[in-house]
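# Chains, contacts and geometry: an overview
Read off the chains here:
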Amino acid sequence: ADVIETLARHIGDYDVVLIDTAGRDERMMASILDISDMLVSPVKPAHQDLLELGHFVHVARVRDVPTIAVFNEATRESTVELKQLAAAFKAYGPFLAVAMQQLSSYRRVYPFGRGVLEIGREDPAKNNFAQVFAAVGRVVDKAHAERVGQ
């Protein structure tokens with residue numbers, strides 16, 4: 001309830017509001033989905049994590065909220081595996097075409113309280129992060145436009 005009250009006070013102040021939940025509190029998740037344009041769910045490329053994703057996708061679909069899953073902690077070598085997992089779990093998709101890669105730059109900046117976008121030089125993690133969030137932004141914008149147009 002506190003999350004919903006806080007959102008109600010500030011929702012008009014922003015174009016996009018991202019709510020990061022632990023993925024366990026079904027009541028809170030349901031309340032948040034009731035006011036959401038879309039469920040964007042990061043998921044590790046592992047069977048157990050994908051099975052958990054299925055539960056949240058089901059809750060979102062019952063509420064007529066579109067979903068997109070984003071693979072995270074993916075290695076560059078697992079591109080074929082990601083496509084296979086996306087195909088095997090297509091009922092829980094769609095899956096974003098680009099994944100958050102598991103790159104050493106993330107581990108190097110987090111202890112300093114920084115993100116990869118704050119790296120001053122060109123960096124594979126910085127580029128990957130920007131690509132993923134640009135793709136997520138396009139999907140969220142489309143979902144928002146479709147919900148507003150209803």
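Residues numbered from 1 in each chain as written. Predicted model: local features only at pLDDT ≥ 70, side-chain atom pairs only at ≥ 80, totals over all residues. Heavy atoms only, no water.

Think of a pair of aromatic rings as described by two things: how far the centres are apart, and how the planes are tilted against each other in angle. One pass over the structure, following the stated rule, counts three aromatic pairs. Between phenylalanine 71 and phenylalanine 95 the ring centres are 5.0 Å apart and the planes differ by 10°, which places this aromatic pair in the stacked class. With phenylalanine 71 in strand S2 (residues 67-71) and phenylalanine 95 in the loop between helix H4 (79-88) and helix H5 (104-109), this pair connects stretches of sequence that are 24 residues apart. Grouping residues by exposure puts phenylalanine 71 and phenylalanine 95 together as buried. Arranged with centres 4.5 Å apart and planes meeting at 25°, the rings of phenylalanine 129 and phenylalanine 133 form a pair that is stacked. Of this pair, phenylalanine 129 and phenylalanine 133 both sit in helix H6 (residues 124-148), separated by four residues, roughly a single helical turn. Its relative accessible area of 42% is what places phenylalanine 133 among the partly exposed residues. (Phe/Tyr/Trp six-rings, centres within 6.5 Å; stacked < 30°, edge-to-face > 60°. Helix = DSSP H or I, 4+ residues; strand = E, 2+ residues; numbered from the N terminus. Buried < 20%, exposed > 50% of the residue type's maximum accessible area, 1.4 Å probe, protein only.)

In this section: the pairing of strand S1 (residues 39-43). A one-sided burial pattern is seen for S1, the buried positions being Leu39, Ser41 and Val43 and the unburied ones Val40 and Pro42. Judged from the five bridges that link them, S1 and S2 form a sheet pairing that is parallel. Within S2, the position partnered with proline 42 by the bridge is valine 70. (Pairing = 2+ DSSP bridges.)

Okay, the confidence of the model for the protein chain next. Per-residue pLDDT for the protein chain averages 81, and the proportion of residues at 70 or more is 93%. The least confident element of the protein chain, judged by mean pLDDT, is H5 at 75; the most confident is S2 at 90. (pLDDT = per-residue confidence, 0-100.)

The subject of this paragraph is a nonpolar patch on the surface. Together, Val3, Ile11, Tyr14, Val17 and Ile19 line one region of the surface with nonpolar side chains, adding up to about 400 Å² of accessible area. Tracing the backbone shows valine 3 in helix H1 (residues 2-10). Relative accessible area serves as the criterion here: at 31%, valine 3 is assigned to the partly exposed category. (Patch = residues over 30% accessible without salt bridge, like charges linked within 9 Å, V, L, I, M, F, W, Y side chains within 5 Å. Areas by Shrake-Rupley, 256 points an atom, 1.4 Å probe, with all protein chains shown as cover. Salt bridge = Lys/Arg side-chain N within 4 Å of Asp/Glu carboxyl O.)

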